[in-house]
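Here's the letter readout for the chains.
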Protein chains: 2
Amino acid sequence: MAKSLLVVGSIAFDSVRTPHGEAEDVLGGSAVYFSVAASFFSPVRLVGVVGEDFPDAFRQVLQSREIDTAGLHVVEGGRTFRWRGSYEGAMNEARTDEVHLNVFGDFRPDLPEAFRDSRLVFLANGSPVTQMSVLEQVEKPDLVVADTMNLWIENERDALEALLARIDGLVLNEGEARMLTGRPNLIRAAEEVLALGPKFVVVKKGEHGALLLAREGEGETMAEGRLVCPLPGFPCPEVCDPTGAGDSFAGGLMGHLARIGKHDFASLRRAMAYGTVTASFTVEDFSLRRLEGLALEEIEGRLRQYSDMLRLG
Amino acid sequence: MAKSLLVVGSIAFDSVRTPHGEAEDVLGGSAVYFSVAASFFSPVRLVGVVGEDFPDAFRQVLQSREIDTAGLHVVEGGRTFRWRGSYEGAMNEARTDEVHLNVFGDFRPDLPEAFRDSRLVFLANGSPVTQMSVLEQVEKPDLVVADTMNLWIENERDALEALLARIDGLVLNEGEARMLTGRPNLIRAAEEVLALGPKFVVVKKGEHGALLLAREGEGETMAEGRLVCPLPGFPCPEVCDPTGAGDSFAGGLMGHLARIGKHDFASLRRAMAYGTVTASFTVEDFSLRRLEGLALEEIEGRLRQYSDMLRLG
């Protein structure tokens, strides 16, 4: 049975330059990419903050989908978070050229009463203190997944560890997994993340896909006491702009879990595949452009194609 | 029906240092890793050159398996190829600390008469001029696959292009694929490799797995006129020494193709999976140590495990 899905994170104006062109002041932010990606599969409850400069056209992108914007807080006289970045060559890493946190710098998420019964929660990248404050406002979620980044691993280690003890899943990238655990081997790093609390961890590897490691659930066993699934990236010949790929991946993953209402290992694996193909559309154009024009059937089609590619039997 | 398999390449004394220890003057070389890996699946015909210093114990490693060493040429008074290298951190790249080509520097492979009817041929990394000279000594092979490297891409471009026009498949790593084609996107790079002649290309990505791209064969079609299969690396928690992983991968791949006697796209995909799991054993110890003690059943077991990990249905 489908379950409610909440996301809390950033909403931004992005300015991006890649070898394929540039885009100025376009809609971005972790919570936005997540919401739009997840909304193909499930209604989404969005909590975030913007300034008075946030245009109706951007709000419309969210409201035209099954995204409940009751938690979209507008700060009077404030300006929206702005990020400027660029990519070169194989576009594996974003270079941040400019950041203005603006109203996002003082973001203290306050969940609308109606969002407090959310069953699935995604805490997009943000301070672990803020992430924890969100968690405390949700009554009894079935599944809480968080993203994090190098900044918090380095500067908010204690708060991050406190959060890890409370969440079900952590999503982070390869370099962050190594930084968090000090283990160069990715499987070992993922194992150590599990030792910090979460039941599962998803390590994002950009164009190389993702790795899922989970503790055994009921009726699930594996020789070495853990369940593992490596998935390759979906082969994308047209990568225009990788911005938002990670959050779209998380959105597809959580959206699918909300849709099917369960999260055993086989479901997580399939959800990771949905995340992978959803993100493969995001990168085909700047901002949310590709997702805006997309139909669920196209995602399902690419999922079948992906699944066929991996059929070894 | 099984087919004969020939490999021509280097035979070396390796000295390797990794975060897990070191090994001095151990058996190595592309043709050795390839032969031992392939010999789990099929008899192998090996052509290579060594010096008088090549010990019986090393010869024994080859002869104790189904590896025909009739093409193992010993140069009187010569010394065997020596390589010294090291790996750090996540061990994604070897640093070459010392190279002595010795007898391999003058290697002009001369195929034993009995090897000239080989049906599957693997031209391990070497000068494209030398690789072509081997090809000209084989009567009518069904499938010729070559490996190459940055050195030849930069310095022997014409000879390499002449070779590409004559072979069926090319195996190379990510950085080499980008260097050969000037395309940062890996799918585009692989497509351009196909435009240079080969019917298929396998791009090796180390711990991140491999990408197979093939032109349509008979009865095989795909929307975009090409067949593609991305496979993740097998998750290895114990990577001791990555040396020889690429050649073991190629050995498992070609060995399986020789065993089944066909090379349509589905067979190539499955062969790539065999290459992946075979290489996942190689890296668990220095030199050929892990492969020496291995049974085919262990490879088949890991292949089933890998195949299950990728089952998304």
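Keep in mind it's a predicted model, so treat the numbers as computed, not measured.

**Student:** Explain the pattern of salt bridges here, please?
**Tutor:** Pairs may arise between side chains of opposite charge once their charged atoms sit close together. By the definition in use, this model includes 50 salt bridges over all chains. The shortest N-O distance in the salt bridge between A:R302 and A:E284 comes to 2.9 Å. Note that A:R302 is positioned in helix α11 (residues 296-309) and A:E284 in the loop between α9 (265-282) and α10 (289-292), a separation of 18 residues in sequence. One salt bridge connects B:K204 with B:D147, and the closest N-O pair in it is separated by 3.5 Å. Here B:D147 lies in strand β9 (residues 143-147) and B:K204 lies in strand β11 (residues 200-204), a separation of 57 residues in the sequence.

**Student:** Is there a simple way to think about the interface of chain B and chain A in this case?
**Tutor:** Size of an interface: often given as the accessible area lost when the parts come together. At the interface, 38 residues of chain B touch 38 residues of chain A. The contact between chain B and chain A buries some 3100 Å² in all, and 57% of this surface belongs to carbon and sulfur atoms. On the chain B side of the interface with chain A, the three residues burying the most area are B:H208, B:P237 and B:L312, jointly 22% of the side's total. Scanning the region where chain B abuts chain A turns up 4 salt bridges. Between B:E238 and A:R188 there is a salt bridge, with the nearest N and O atoms lying 2.2 Å from each other. Where chain B packs against chain A, one counts 20 residue pairs in polar contact (both at pLDDT 80 or more). If you list the elements that add at least two residues to the side of chain B that touches chain A, you get α6 (174-181), α7 (186-195), β13 (226-231), α9 (265-282) and α11 (296-309) of chain B.

**Student:** Explanation requested: the sheet that holds strand β3 (residues 21-28) of chain A in the structure shown.
**Tutor:** As a general point, the strands of a sheet are linked pairwise by backbone hydrogen bonds and lie either parallel or antiparallel. Residues and elements named next belong to chain A. Taken in spatial order, the 4 strands of this open sheet run β3-β2-β6-β7, and their pairing is mixed. Of all strands in the sheet, those with a lone pairing partner are β3 and β7 (95-100), marking the two edges. Neighbouring strand axes in the sheet, compared pairwise and without regard to direction, differ in orientation by 15° on average.

**Student:** Looking at this structure, I do not really get the pairing of β11(B). What am I missing?
**Tutor:** Residues in a regular strand project their side chains so that they alternate between the two faces of the sheet. Residue and element names in this part refer to chain B. Of all 5 residues that make up β11, 5 are buried, and the element is covered over most of its length. Of the two faces of β11, the one holding F200, V202 and K204 and the one holding V201 and V203 are both buried throughout. Where β11 and strand β12 (residues 210-215) come together, 5 bridges link them in antiparallel fashion. Residue pairing for β12: V203 is matched across the bridge by L211.

**Student:** Teacher, can you tell me more about the packing of aromatic side chains here?
**Tutor:** This model, assessed by the stated rule, comprises 16 aromatic pairs over all chains. Taking the centre distance of 5.4 Å and the plane angle of 65° together, the rings of B:F13 and B:F58 count as edge-to-face. Of this pair, B:F13 sits in strand β2 (residues 12-18) while B:F58 sits in helix α2 (residues 56-63); the two residues are 45 residues apart in sequence, bridging distant segments of the chain. Taking relative accessible area as the criterion, B:F13 reaches 6% and is therefore assigned buried. For the pair B:F234 and B:Y306, a centre-to-centre distance of 6.1 Å together with 50° between the ring planes defines the contact as tilted. Here B:Y306 lies in helix α11 and B:F234 lies in the loop between β13 and α8 (245-260), a separation of 72 residues in the sequence. B:Y306 matches B:F234 in its accessibility class, with the two residues each being buried. The residue whose ring lies beneath A:R65 is A:F40, and the NZ or CZ to ring-centre distance is 4.4 Å. Its guanidinium or amino end placed over the ring of A:Y274, A:R259 lies 5.0 Å from that ring's centre, counting from NZ or CZ.

**Student:** Would you take a moment to explain the sheet that holds strand β3 (residues 21-28) of chain B for this structure?
**Tutor:** Residue and element names in this part refer to chain B. If you walk across this open sheet you meet the 4 strands as β3-β2-β6-β7, and the pairing is mixed. Strands with a single pairing partner mark the edges of an open sheet, and in this sheet they are β3 and β7 (95-100). The sheet shows a mean angle of 15° between the axes of neighbouring strands, taken without regard to direction. Here 6 bridges tie β2 to strand β6 (residues 81-86), and the two strands are oriented parallel to one another. Residue pairing for β6: A12 is matched across the bridge by F81.

**Student:** For this particular structure, what's the right way to read unusual backbone geometry?
**Tutor:** Most peptide bonds take the trans configuration, and most residues that are not glycine carry a negative phi. With a phi angle near 50°, A:N102 is a residue other than glycine that sits in the positive phi range. One can find A:N102 in the loop between β7 and β8 (120-123).

**Student:** Quick question: what am I supposed to make of the side chain of B:S267 here?
**Tutor:** Here B:S267 lies in helix α9. Ignoring anything within four residues of it in the chain, the contact list for B:S267 reads B:H256, B:L257, B:I260 and B:K262.

**Student:** Got a minute to help me understand the side chain of B:T276 in this structure?
**Tutor:** Here B:T276 lies in helix α9. Setting aside residues no more than four positions away along its own chain, B:T276 makes contact with B:P232, B:G233, B:F234, B:F249 and B:Y306.

**Student:** How do you make sense of the pairing of strand β12 (residues 210-215) of chain A when you look at a structure like this?
**Tutor:** For β12(A), the tally of buried residues reaches 5 of 6 residues, placing the bulk of the element in the interior. Taking the residues that link successive antiparallel strands as the turn, the strand β11 (residues 200-204) of chain A-β12(A) hairpin has 5 residues, and the phi of A:G206 there is positive, at about 60°.

**Student:** I keep staring at α11(B) and nothing clicks. Help me out?
**Tutor:** One turn of an α-helix holds 3.6 residues; hence residues three or four places apart share an orientation. Between the first and last C-alpha of α11(B) there are 20 Å, a value that for 14 residues agrees with the 20 Å anticipated at 1.5 Å per step. Where α11(B) is concerned, the buried positions are B:I299, B:E300, B:R302, B:L303, B:Y306, B:S307 and B:M309.

Thresholds applied
- Residues numbered from 1 in each chain as written.
- Chains lettered and ligands numbered in written order.
- Predicted model: local features only at pLDDT ≥ 70, side-chain atom pairs only at ≥ 80, totals over all residues.
- Heavy atoms only, no water.
- Salt bridge = Lys/Arg side-chain N within 4 Å of Asp/Glu carboxyl O.
- Helix = DSSP H or I, 4+ residues; strand = E, 2+ residues; numbered from the N terminus.
- Contact = heavy atoms within 4.5 Å.
- Buried area = accessible area lost by both parts, 1.4 Å probe.
- Polar contact = N/O pair within 3.5 Å; in protein donor to acceptor, adjacent residues only side chain to side chain.
- Pairing = 2+ DSSP bridges.
- Axes fitted to C-alpha atoms, helices over the stretch in contact; angles between N-to-C directions.
- Buried < 20%, exposed > 50% of the residue type's maximum accessible area, 1.4 Å probe, protein only.
- Phe/Tyr/Trp six-rings, centres within 6.5 Å; stacked < 30°, edge-to-face > 60°.
- Lys NZ or Arg CZ within 6 Å of the ring centre and 35° of its normal.
- Expected span 1.5 Å × (residues − 1).

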